[in-house]
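Examining the three-dimensional arrangement
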Amino acid sequence: MTDKIVPVIMAGGKGTRLWPLSRASAAKQFLKMIGDETLFQSTLNRVRDDAMYEAPIIVTNEEFRFRVAEQAREQGVALSGIVLEPMARNTAAAVAVAARVAADRFGDDALLLLLPSDHAITVDDIYTGSIARAATAAKTGKLVTFGIHPTEPATGYGYIELGDDLENGVYIVQRFIEKPDGTKARTLLEAGNFYWNSGMFLFSASGIITELEAFAPSVMAAATEAVAKSSKDFDFLRLDAKAFAEAPSISIDYAVMEKTKKAAVVPAAFTWSDMGSWDAVWKTGNADSDGNVVQGNVTVHNTRNSLVISRNSHMAVQGMDGVAVIASEDAVFVGRLDNAQDVGNLVKILAASETTARLTETHPTSLRPWGGYTSILSGDRFQVKRLFVHPGKKLSLQKHHHRAEHWICVKGAAEVTIDDTVTILHESQSIYIPQGSVHRLGNPGKILLEMIEVQTGSYLGEDDIVRLVDEFGRT
C-alpha cells in the first residue's frame, strides 16, 4: 500500500494531426514541439515529486518501447514499469491493464493519475491544487476527471457539463458531450458551466476496476488475463497477446465514465493544451511582436500570426497571415491555422496513395535503441545512410544475405567486428564488410559516433538482417 499517487502515462498513440513531423513511427509525444524536451519528457517531469508521486507506469506499444526507455533515461526519471500492448485496443483496455498492474504492485487502494503523454501543461499552484482536490475525492470512491476552463468555442474537444457541487471544488458530472460544431460550441461557452474534457483522470485502482467490471466486464476480464499471463522482458512487461486481443476497442469515457454514478470533475484553470493540431502548437509557443511562432532554420518577412517550423532546409515565408508552414526532412505542409483540425483528412489521402503512403509512416531518420540512421540517398543497387550510435551502445551481431557494406567513420571512434577480427576505426578511416560476413558496430567512446554507410547489393531492405546476438532482445 502506498500513500503516494501512482502516475499512469499513456504513450502508445500514433497521432496524424501534426503531420509531417508526427507520423505512425514517430508520434507527437516523442517529438520536441516546444523547448528542449519532448512532450513525453515534459509529462515525466510533471510527476517527478518524490514526496507526492510513485515512479510512473508507462503504457505503450512494441514499436515505441525503446523511445520510452531512452527518453526517460535522458531525463533521469525512474519508472515503475513499461507495459507493452501487443495491439491497439483504445483507452479502456489500457486503463484496465494499468489498474491491475498498479493494484498488484501498490495495493487496491492506490490512487492512479492517468495522463496522456502528449499534452502541454504548466505546473503551478493551480495545477497542484487541482490534483490535490481530485485525490481527496478519489479516496471517497469518485472517478475524477479534469475539466479545462474554455477560452474559446473550440470544436476539437469534448465538453463536460458540471452538476452539483460536492465539496472542495469538486462537482458531479452532469453529462459528457461529444465534440460540437461551431454553433453548439458557442452555446456551451456562453452557458458557463461547460468545460473541455482534458482526458486526464484520477481514481483508485479498486474504484476503476469495480466500475469496469460492472460496465465493461469483457474489457476487464481480457485485461486481467493479459496481465496474469504476461512475461518480463528486460524492463518491459509484455501483455499476453491472445488474451489482450479479446478486449473490445472502446474508450474509457464510453466504457465507464458516461455510465457510472461515481463520475466527478474538478474544474481547472491551469494552462493546458492537448497539442492536437498546428493551431494548438502556435497558441502554446512564444510568439514574436507580429504573432509569429518560429522554430529551426526560418526567416519570416511581412508575415503575421503564423507558425513556421523547419527541421532541415532553410524556410523563408513572406506576405502570409494565419498559416502553418511545417517542413520535415522530406515533406512540407502549408495550410491555414483556422483549418488545422482537417490535417487528419489530408493524411488519409496521402496514406491511400502508393507514392505518398510512406510519408505518413516513417521519417528518413529512424531511431533505434542504440541510436539511429538517416537515409541520405538511394538508387539501383545502392543506398547511403548516416548512422549515429550512442556512447557505450552496440548494434546487433548480424549478417546480410544480399548486400555488402562500406563504413566510413566521420566522428568519434568505432569498434568494428567482422567475423573473428575486431578493428578500431578513427575519424576519416573506413572498412569494408563483405556480403554474408558476421559483423557488428559499437561505440566504445564517450561521444556520439557518426558513420557513413554505403550499402551495395541486389536487395537493400531492412528485413535482410539476420541477428545473431542482440542486447535489446530483438530477433
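Scoring rules and cut-offs
- Residues numbered from 1 in each chain as written.
- Predicted model: local features only at pLDDT ≥ 70, side-chain atom pairs only at ≥ 80, totals over all residues.
- Heavy atoms only, no water.
- Helix = DSSP H or I, 4+ residues; strand = E, 2+ residues; numbered from the N terminus.
- Rg over C-alpha atoms; globule rule 2.2 N^0.38 Å.
- Buried < 20%, exposed > 50% of the residue type's maximum accessible area, 1.4 Å probe, protein only.
- UniProt positions renumbered as here; feature names shortened; annotations may be inferred.
- Pairing = 2+ DSSP bridges.
- Axes fitted to C-alpha atoms, helices over the stretch in contact; angles between N-to-C directions.
- Polar contact = N/O pair within 3.5 Å; in protein donor to acceptor, adjacent residues only side chain to side chain.
- Salt bridge = Lys/Arg side-chain N within 4 Å of Asp/Glu carboxyl O.
- Domains from an automatic or database assignment.
- Contact = heavy atoms within 4.5 Å.

Bringing the overall build of the protein into the picture now. Scanning the protein from N- to C-terminus turns up 12 helices and 28 strands. In terms of overall dimensions, the protein is globule-like: its C-alpha atoms have a radius of gyration of 24 Å, near the 23 Å expected for 475 residues. Over its C-alpha atoms, taken along the principal directions, the protein stretches across nearly 75 × 60 × 40 Å. The burial tally for the protein puts 53% of its 475 residues in the buried class.

In the numbering used here, UniProt assigns the feature "domain: Mannose-6-phosphate isomerase type II C-terminal" (unreviewed entry) to residues 359–469. With 3% helix and 58% strand, the stretch residues 359–469 has end C-alpha atoms that lie 32 Å from each other.

Our focus in this paragraph is unusual backbone geometry. Residue Pro-20 follows Trp-19 across a cis peptide bond; omega there is 15°. Mapped onto the elements, Pro-20 comes out in the loop between strand E1 (5–10) and helix H1 (39–46). Phi at Met-275 takes a positive value of approximately 50°, unusual for a residue other than glycine. Along the chain, the position of Met-275 falls in the loop between strand E13 (272–273) and helix H10 (278–284). Backbone geometry at Asp-419 places phi at a positive 55°, although glycine is not the residue there.

Let us look at the sheet that holds strand E17 (residues 332–336). Spatially, four strands are ordered E14-E15-E16-E17 in an open sheet, and the strand pairing comes out mixed. Single-partner strands in this sheet number two, and they are strand E14 (293–301) and E17. The sheet shows a mean angle of 20° between the axes of neighbouring strands, direction not considered. In the sheet, strand E15 (residues 307–318) pairs with strand E16 (residues 323–327) via four bridges, with the strands oriented parallel. Opposite Ser-310, over in E16, you have Ala-327 as the bridge partner.

Pairing analysis gives eight bridges linking E14 to E15, with the strands arranged parallel. Residue pairing for E15: Thr-299 is matched across the bridge by Ala-316.

Moving on, we come to the environment of Tyr-159. Among the secondary structure elements, Tyr-159 is positioned in strand E7 (residues 159–167). With 115 residues separating them in the primary sequence, Tyr-159 and Leu-44 have C-alpha atoms 26 Å apart. At a separation of 3.1 Å, a polar atom in the side chain of Tyr-159 contacts the side chain of Trp-196.

If the charged atoms of two oppositely charged side chains come close together, the side chains can form a pair. Under the defined criterion, the tally for this structure stands at 20 salt bridges. The residue Glu-62 makes a salt bridge to Arg-65 at a minimum N-O spacing of 3.0 Å. Measuring nitrogen to oxygen at the nearest pair gives 3.2 Å for the salt bridge that ties Arg-358 to Asp-330. Here the residue Arg-358 occupies a position in helix H12 (residues 358–361), and Asp-330 occupies one in the loop between E16 and E17, the gap between them amounting to 28 residues. Connected via shared salt-bridge partners are Glu-62, Arg-65, Asp-233 and Arg-238.

With that settled, the discussion passes to the domain arrangement of the protein. Taken domain by domain, the protein comprises domain 1 (6–273), domain 2 (278–340) and domain 3 (365–469). Inter-centroid distance (C-alpha atoms) of domain 1 to domain 3 is 40 Å.

Attention now goes to the sheet that holds strand E25 (residues 430–433). With respect to topology, six strands assemble into an open sheet ordered E18-E19-E20-E27-E22-E25, the strand pairing being antiparallel. Only two strands of the sheet have a single partner each, and these edge strands are strand E18 (365–368) and E25. Ignoring which end each strand starts from, the neighbouring axes of this sheet average 20° apart. Of the pairings in the sheet, the one linking strand E19 (residues 371–379) to strand E20 (residues 382–389) comprises eight bridges and is antiparallel in character. Within E20, the position partnered with Ser-375 by the bridge is Lys-385.

Looking only at helix H6 (residues 205–215), the buried set comprises Ala-205, Gly-207, Ile-208, Ile-209, Glu-211 and Leu-212. Against helix H3 (90–106), strand E4 (111–116), strand E6 (143–148), strand E9 (194–204), helix H7 (217–228) and helix H9 (252–257) lie the buried residues of H6.

Let's shift gears to the environment of Ser-437. Secondary-structure assignment places Ser-437 in the loop between E25 and strand E26 (439–442). Through-space distance from the C-alpha of Ser-437 to that of Ala-263 is 61 Å; in sequence the pair is 174 residues apart. Within the structure, Ser-437 has its side chain in polar contact with the backbone oxygen of Pro-434 (distance 2.8 Å).

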